[in-house]
Structure formats: C-alpha cells, structure tokens
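So the chains spell out like this:
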Amino acid sequence: ISGESNLGGLTSFEFKTNLTSNLNIRLSASYFYFSTNVNQLVKDFNSGEIQGQEFFSAGEYVIEGREYKNVPISVGLQYFLGRSMFSPYIIAEGGYNIIDAKLVRTPGHYWSYNSVEEIPDEYKHHIPELMPLSSFRYGVGIGAMYPLSSVFDLDVRYIYNFDSEIVNTHQVLVGFVF
C-alpha cells in the first residue's frame, strides 16, 4: 500500500500476569481505525445481461484512499529490564486482525458498447483489488512503567507492527495500568 497513512484513535484492553518477577504474558484486544491516501486511476469493464439483453460498458474512476477498521487480538511477552521508579521493558507480541476495509473512490465515468470487442484494450486488463478481511501481525517494541500512585501506573510504549496484509505501523501508546 502506498501513500500517506493516517492512524485514528486506538482503544485497547490488556490483561497480563506474571510468569516470573520480570516476565509477563499479555493478552489484549483492541480497536483502531486508519486510512491511507492514494491517487490511483483505475480503468475497467463490465458485461452482463438485463432482461435477456446483453450489455457491455467500460469506465474509469480514481481510488482516493483505503479505510481500515481493525480489531487485533494479541498475545505477547513483556520483559522488564529492571524494577524501580522508572521500569523499562521490551515487548514482543503476535496476533490476528479482523478487518473491515473499504476503498474510497470517485463515482467515475462509464461508456456503453455493443460488444466486448468495441471496448478499448486499456480497459480490459484491470484486476479488481481485493480488500483483506483478516491478517496476521507481530510487533516488537520498548516501553516503560512509571508509578503514579500505589495502585496506578503510567505505561508509555513504542511498538513497530509488521502486518501480513495491510501497512506496517509505528505505534506510540500511552495508557494507565491498575
């Protein structure tokens, strides 16, 4: 996917438990939205039948962007490098994404033809873009915990996510841990 990416808000619920004093296993479910801006001219053709009458058309439109609503479910490990007022850690996680994706496009222009042979060749070679319904991802990152009270910590982390179907993402997350 080319073009500029725009990441919307992220909501995440995370559950973790200690495997050792410095190692946690994490399970999380999240929701986030992001879009990419593109400017891609698409030329295609269609044929079909309406009430026994065959029709042929060719047209063009511009894909202006792609939008993704993403629900990632992840499992990972969080390893604390030290425990003090400022507790840095490294993180690795993998997961599965459930994706609701759509193309943002212009209405376009279409022309009718009497046969497929009349359609210019440049319109006959378009392969429709399939939007992903799911993907796998894994991420690596660093972070730190800072206690705000005896039961409330501030968690700041950076994760780079590699995705099998959509764009790889940089994420800076700020959250509160109870």
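Remember, predicted model here, so these are calculated numbers, not experimental data. (Residues numbered from 1 in each chain as written. Predicted model: local features only at pLDDT ≥ 70, side-chain atom pairs only at ≥ 80, totals over all residues. Heavy atoms only, no water.)

**Details of the nonpolar core**
In this structure, Phe32, Phe34, Tyr68, Ile99, Ala101, Ile166 and Val167 together form the largest nonpolar core, which totals 7 residues. Listed by contribution, the elements that provide at least two residues to this core are β2 (23-50) and β4 (87-105). Once residues within four sequence positions are removed from consideration, Ala101 is found in contact with Glu67, Tyr68, Met131 and Pro132. Core analysis: the second largest hydrophobic core is formed by 6 residues, Ile91, Met145, Ile159 and Leu173 among them. (Core = buried A, V, L, I, M, F, W, Y, C linked by side-chain atoms within 4.5 Å. Buried < 20%, exposed > 50% of the residue type's maximum accessible area, 1.4 Å probe, protein only. Helix = DSSP H or I, 4+ residues; strand = E, 2+ residues; numbered from the N terminus. Contact = heavy atoms within 4.5 Å.)

**Notes on empty space enclosed by the protein**
Scanning the model with the defined rule gives 1 cavity of 30 Å³ or more in all. Of the volumes computed, that of the largest cavity is approximately 50 Å³. Lining the largest cavity are Phe32, Phe34, Asn70, Asn97, Arg137, Asn161, Asp163, Ile166, Val167 and Thr169. (1 Å grid on protein atoms, 1.4 Å probe; cavity = no way out; pocket = protein on both sides within 12 Å on 5 of 7 lines; lining within 4 Å. Points joined across faces, edges and corners; volume = space filled by probe spheres on them.)

**Remarks on the layout of surface pockets**
The space that makes up the largest pocket amounts to roughly 570 Å³. Taken together, 26 residues line the largest pocket, and the ones lying closest to its centre are Ser12, Phe13, Glu14, Arg157 and Leu173. Of all the secondary-structure elements, those providing two or more residues to the lining of the largest pocket are β1 (4-18), β2, β3 (53-80), β7 (153-163) and β8 (169-177). Of the residues forming the lining of the largest pocket, the biggest block, 7 residues, is contributed by β1. For the lining of the largest pocket, the class distribution of residues is 11 nonpolar, 8 polar and 7 charged. (Nonpolar A, V, L, I, M, F, W, Y, C, P; charged D, E, K, R; others polar.)

**Considerations on the pairing of β8**
The pairing of β7 with β8 spans 9 bridges and is antiparallel. By the bridge assignment for β8, Asp155 is matched with Gly175. Counted along the chain from β7 to the antiparallel partner β8, the turn is 5 residues long. (Pairing = 2+ DSSP bridges.)

**Quick look at unusual backbone geometry**
The phi dihedral of Gln51 falls on the positive side, at around 50°, and the residue is not glycine. Counting through the fold element by element, Gln51 comes out in the loop between β2 and β3.

**Looking at the packing of aromatic side chains**
Summed over the entire model, instances satisfying the criterion amount to 9 aromatic pairs. Where Tyr138 meets Phe162, the ring centres are 4.8 Å apart and the plane angle is 20°; that geometry is what we call stacked. You can see Tyr138 sitting in strand β6 (residues 134-147) and its partner Phe162 sitting in strand β7, a full 24 residues away along the chain. With a relative accessible area of 29%, Phe162 lands in the partly exposed category. Centre to centre, the rings of Phe152 and Phe176 are 5.2 Å apart; their planes meet at 5°, and the pair counts as stacked. Here Phe152 is found in the loop between β6 and β7, whereas its partner Phe176 is found in strand β8, with 24 residues between them in sequence. The rings of Phe32, Phe34 and Tyr68 are connected pair by pair, giving a single aromatic cluster. Sitting over the face of the ring of Tyr123, Lys43 holds its NZ or CZ atom 5.5 Å from the ring centroid. The ring of Phe80 is capped by Arg83, whose NZ or CZ atom sits 3.7 Å from the centre of that ring. (Phe/Tyr/Trp six-rings, centres within 6.5 Å; stacked < 30°, edge-to-face > 60°. Lys NZ or Arg CZ within 6 Å of the ring centre and 35° of its normal.)

**Some details on the pairing of β2**
In the sheet, β2 pairs with β3 via 24 bridges, with the strands oriented antiparallel. Bridge pairing in β3 places Phe34 opposite Tyr68. In this structure, the hairpin formed by β2 and β3 is closed by a connection of 2 residues, where Gln51 is found at a positive phi of approximately 50°.

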